[in-house]
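Fold and geometry: a report
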Amino acid sequence: ISNRLAAIEEASVARRRKEKEVEDKIMLLAQRERKIDEKLGSIETASVISRQKRHMEEREREMEMEEKLRLIELNKKEQLIREKNNALEEAMELNIQREIEMMKKIFSLDAA
């Protein structure tokens with residue numbers, strides 16, 4: 001009986017040792033899983049930040065392009081205004097010359 005009890009106790013100790021090994025392995029795997037989850041979280045965070053940064057850079061480039069286009073359009077408008085002013089000045093000079101010619105004709109008719 002004592003041999004049998006000793007064998008049962010020995011089997012029980014072996015089983016507990018095996019259970020402890022399995023529990024330790026499960027704990028190790030859980031720790032590895034947590035580390036992987038943490039890395040995935042870090043990667044996801046970095047990915048989100050990277051996407052946001054790219055989006056902001058794209059938006060900045062778009063805004064720069066819009067500003068350049070606005071400046072180009074303003075320059076075109078200024079050029080048109082200058083051309084219009086020049087044409088108006090030229091028209092005014094022609095009107096003045098016409099008035100002078102009409103005055104000369106009137107004076108020459110009055111003098112005759």
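You'll find the structure just up there.
Let me begin by describing the structure that accompanies this report. Quick caveat: nothing in here was measured; it's all calculated off a predicted structure.

**What to know about the pattern of salt bridges**
Taken as a whole and assessed by the stated rule, the structure comprises nine salt bridges. Between E9 and R16 there is a salt bridge, with the nearest N and O atoms lying 3.6 Å from each other. The class of E9 is partly exposed, set by a relative accessible area of 44%. You can call R16 partly exposed: its relative accessible area is 42%. A single salt-bridge network, built from bridges that share partners, covers R59, E62, E66, E67 and R70.

**Some thoughts on a nonpolar patch on the surface**
There is a patch of nonpolar side chains on the surface, built from I1, L5 and I8 and spanning about 380 Å² of accessible area. As for its placement among the helices and strands, I8 is situated in helix 1 (residues 2–111).

What counts, and at which threshold
Residues numbered from 1 in each chain as written. Predicted model: local features only at pLDDT ≥ 70, side-chain atom pairs only at ≥ 80, totals over all residues. Heavy atoms only, no water. Salt bridge = Lys/Arg side-chain N within 4 Å of Asp/Glu carboxyl O. Buried < 20%, exposed > 50% of the residue type's maximum accessible area, 1.4 Å probe, protein only. Patch = residues over 30% accessible without salt bridge, like charges linked within 9 Å, V, L, I, M, F, W, Y side chains within 5 Å. Areas by Shrake-Rupley, 256 points an atom, 1.4 Å probe, with all protein chains shown as cover. Helix = DSSP H or I, 4+ residues; strand = E, 2+ residues; numbered from the N terminus.

These results come straight from atomic positions and should not be treated as a statement about function.
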